[in-house]
Amino acid sequence: MKRWATPVLFLLSGLALLHGPMLRDGAGRVHGNMVDGRLVALLLEHGHAWLMGRAPSLFSPTWLFYPYPNALALTDTMVGATVLYSPWRWLGASPLHAFQLWLVCCATLGFAAVHRLARRLGISSLGACVAAFVVTFAMPRVSAAHHPQLAFFLPIPLVMLAGLAAAS
């Protein structure tokens, strides 16, 4: 328990700083601008519908440049990020709540992956907490909060960890 107290404290502090207003307001708020936030929410919901078999085509959603075929090829499909969104929808969360929980999951899992990577590189526990905090919650990440597609950075530290595992 003591081993996880410091990382959890850093994580909760960062989540409060980055997502505090959204979490305090409940269902009424998602930070970000109207364009990117809505697009990412629609992309996640479309990916979920496609996984559930309710959307006939991943690349031709009816809400994007219809009837132009394969319009989703013009943007990021966010299918990789949908794996963190869909479980919340399966558990009954509304699209807005699932989107909020997805943002929190992206930050939490990204923090955990960077912390693990730093520890694997031999950095002290406190140093790993600081590194994970800076990567997950520092000013560049906070200033990009209005672009929620940038919240899903989890693959980067995971690929680095895989590279370290393969090298050893």
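Before reading further, recall that the structure is shown in the block above.
Residues numbered from 1 in each chain as written. Predicted model: local features only at pLDDT ≥ 70, side-chain atom pairs only at ≥ 80, totals over all residues. Heavy atoms only, no water.

What am I meant to see in the packing of helix α1 (residues 2-25) against helix α4 (residues 95-120) here?
Relative orientation of the contacting elements α1 and α4 amounts to 155°, with a least axis distance of 11 Å. Relative to α4, α1 is oriented roughly antiparallel. Relative to α4, the crossing made by α1 is right-handed. In this structure, α1 uses P7, F10, L11, L15, H19, M22 and L23 to contact α4, whose residues at the interface are Q100, L103, V104, A107, T108, F111 and H115. (Axes fitted to C-alpha atoms, helices over the stretch in contact; angles between N-to-C directions. Helix = DSSP H or I, 4+ residues; strand = E, 2+ residues; numbered from the N terminus. Parallel < 35°, antiparallel > 145°, perpendicular 65-115°, else oblique. Left-handed = near helix turned anticlockwise from the far one by under 90°. Contact = heavy atoms within 4.5 Å.)

Just to check I follow, could you spell out a positive patch on the surface for this structure?
Residues R3, R116, R119 and R120 make up a contiguous surface patch of positive charge. Tracing the backbone through its elements, the reader meets R3 in helix α1. The class for R3 is exposed, based on a relative accessible area of 64%. (Patch = residues over 30% accessible without salt bridge, like charges linked within 9 Å, V, L, I, M, F, W, Y side chains within 5 Å. Areas by Shrake-Rupley, 256 points an atom, 1.4 Å probe, with all protein chains shown as cover. Salt bridge = Lys/Arg side-chain N within 4 Å of Asp/Glu carboxyl O. Lys, Arg positive; Asp, Glu negative; His and termini not counted. Charge placed at Lys NZ, Arg CZ, Asp CG, Glu CD. Buried < 20%, exposed > 50% of the residue type's maximum accessible area, 1.4 Å probe, protein only.)

Please clarify how the layout of surface pockets should be interpreted in this entry.
Over the atoms rolls a probe the size of a water molecule, and in doing so it shows where empty space is left. A volume near 310 Å³ is recorded for the largest pocket. Along its surface, the largest pocket is lined by 13 residues, and R3, W4, P7, H115 and R116 are the ones closest to its centre. Elements represented by at least two residues in the lining of the largest pocket include exactly α1 and α4. Per element, the largest residue contribution to the lining of the largest pocket is seven residues, and it comes from α4. Along the lines of polarity and charge, the residues of the lining of the largest pocket split into seven nonpolar, three polar and three charged. (1 Å grid on protein atoms, 1.4 Å probe; cavity = no way out; pocket = protein on both sides within 12 Å on 5 of 7 lines; lining within 4 Å. Points joined across faces, edges and corners; volume = space filled by probe spheres on them. Nonpolar A, V, L, I, M, F, W, Y, C, P; charged D, E, K, R; others polar.)

Looking at this structure, I do not really get empty space enclosed by the protein. What am I missing?
Counted by the stated rule, this structure contains one cavity of 30 Å³ or more. What lines the largest cavity is a set of 15 residues, among which L18, R141, A145, L150 and A151 lie closest to the centre. Listed by contribution, the elements that provide at least two residues to the lining of the largest cavity are α1 and α4. When residues of the lining of the largest cavity are assigned to their parent elements, the largest contribution, three residues, is made by α4.

Note that every value here comes from positions in space, so none of it alone points to a role or purpose.
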